[in-house]
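The lines below spell out each chain.
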Amino acid sequence: MQKFARLCCMAPLFLLLGLLPFALAGHDYGQALSKSILFFEAQRSGYLPSTQRVNWRGHSGLNDGKANGVDLVGGYYDAGDNVKFGLPMAFTVTMMSWSIVEYGRQMAASGELSHAMDAVKWGTDYLIKAHPQPFVLYGEVGDGNTDHYCWQRPEDMTTSRQAYKIDPSNPGSDLAGETAAAMAAASIVFRRSNPSYSNELLAHAHQLFEFADKYRGKYDSSITVAQKYYRSVSGYAVRDPISF
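Residues numbered from 1 in each chain as written. Predicted model: local features only at pLDDT ≥ 70, side-chain atom pairs only at ≥ 80, totals over all residues. Heavy atoms only, no water.

As recorded in an unreviewed UniProt entry, the chain goes by cellulase and comes from Rhododendron griersonianum. The heading Sequence similarities (unreviewed entry) in the UniProt record of the chain holds the text "Belongs to the glycosyl hydrolase 9 (cellulase E) family." Regarding the chain, the relevant UniProt record gives this comment under Catalytic activity (unreviewed entry): "Endohydrolysis of (1->4)-beta-D-glucosidic linkages in cellulose, lichenin and cereal beta-D-glucans." (UniProt positions renumbered as here; feature names shortened; annotations may be inferred.)

Turning our attention to the packing of aromatic side chains. Under the criterion given, the structure shown has 8 aromatic pairs. Between F85 and Y230, the aromatic rings sit 5.0 Å apart at their centres with planes inclined by 65°, giving edge-to-face as the arrangement. Here Y230 lies in the segment after α8 (219-222) and F85 lies in strand β1 (residues 84-85), a separation of 145 residues in the sequence. On the basis of relative accessibility, which here comes to 2%, the residue F85 falls in the buried class. Given a relative accessible area of 11%, Y230 falls into the buried group. Ring geometry for F135 and Y215: centres 5.3 Å apart, planes at 70°, overall edge-to-face. Of this pair, F135 sits in the loop between α4 (113-129) and β2 (137-141) while Y215 is found in the loop between α7 (195-214) and α8, placing the two residues 80 residues apart along the sequence. The class of Y215 is partly exposed, set by a relative accessible area of 24%. (Phe/Tyr/Trp six-rings, centres within 6.5 Å; stacked < 30°, edge-to-face > 60°. Helix = DSSP H or I, 4+ residues; strand = E, 2+ residues; numbered from the N terminus. Buried < 20%, exposed > 50% of the residue type's maximum accessible area, 1.4 Å probe, protein only.)

Let's shift gears to the sheet that holds β1. Reading across from one edge, β1-β2-β3 is the order of the 3 strands in this open sheet, with antiparallel pairing throughout. The open sheet is flanked by β1 and β3 (163-166), the only strands paired with a single partner. As paired elements, β1 and β2 share 2 bridges and run antiparallel to each other. Bridge pairing in β2 places F85 opposite E140. The sheet contacts of helix α6 (residues 173-189) involve β2 and β3, and relative to β2 the element is tilted by about 100°. (Pairing = 2+ DSSP bridges. Contact = heavy atoms within 4.5 Å. Axes fitted to C-alpha atoms, helices over the stretch in contact; angles between N-to-C directions.)

Relative to the assigned elements, K66 resides in the loop between α2 (29-42) and β1. On the basis of relative accessibility, which here comes to 62%, the residue K66 falls in the exposed class.

Between α4 and α7, the least distance of the axes is 11 Å, while the angle of their chain directions is 50°. Taken together, the axes of α4 and α7 lie oblique to each other. Here the hand of the crossing between α4 and α7 comes out left-handed. Counting all contacts with α4, which are made through K121, T124, D125 and I128, the residues of α7 involved are Y197, E200, L201 and H204. (Parallel < 35°, antiparallel > 145°, perpendicular 65-115°, else oblique. Left-handed = near helix turned anticlockwise from the far one by under 90°.)

A word on the confidence of the model for the chain. Model confidence for the chain is summarised by a mean pLDDT of 88, while 87% of its residues fall at 70 or above. In this model residues 1-6 is a low-confidence stretch, pLDDT under 50, and it forms 16 contacts with partners more than four residues away in sequence or in other chains. Residue range residues 8-13 is modelled with pLDDT below 50. Its contacts to residues more than four positions away, or to other chains, number 12 contacts. (pLDDT = per-residue confidence, 0-100.)

This brings us to the pattern of salt bridges. According to the stated counting rule, one finds 9 salt bridges in the structure shown. For E155, the salt bridge identified is with R57, shortest N-O distance 2.9 Å. With E155 in the loop between α5 (144-147) and β3 and R57 in the loop between α2 and β1, this residue pair connects regions lying 98 residues apart in the sequence. According to the relative accessible area criterion, R57 is buried, its value standing at 10%. Here D125 and K121 are joined by a salt bridge, their closest N and O atoms 3.1 Å apart. Of this pair, D125 and K121 both sit in helix α4, 4 residues apart, roughly one helical turn. According to the relative accessible area criterion, K121 is partly exposed, its value standing at 27%. What you see here is one network of salt bridges that share partners, running through R57, R153, E155 and D156. (Salt bridge = Lys/Arg side-chain N within 4 Å of Asp/Glu carboxyl O.)

As structure tokens, then:
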């Protein structure tokens, strides 16, 4: 089945589109930036806000996590799927955050900074929910196998919404480490505008890094349903944490 470009593949566009002052004549990079950010609004899961610009999308995935006794409503769907994969979502939040840190002025000049920050927060709000305990992290909601056989829109989906996690007995250093990176990078984005939220993100980052270091293992050995879609090819390497 032919699928759309994966969610995580969109994030590097921010690095290129941040160079707006250097754009070649004849190419509207400002419009490309706007549409790239708008893409993420179309991928939103959960209760959509009144400011939602992609108005053909509705609330969806409102019971995510309920069967597992945890609130996992929100976050982003992956590409044309209705699955929420934690690894590419965390990578995407990391890349978007660093893009704002590096090119925030250019985004502000193009009128897209607030939209970009909203996109980051939509992701981190979900990642906070997915990390309900220091050594527990939910890394997937939904199942790619059943999802790929179904063309339902997320507002009407009836496929499995099983949630999968890593914990001390089923570790995932790569997933926990990438999510720590997302939280830490986003904490820099919100350091001035929302310091309390920034501190909350940083606290999660520290806990997740400790989780990744203390309980080592590849996440797809614990969340095996992710192997066909986001296999941990390069594994992981835990290094000393960076102080922020």
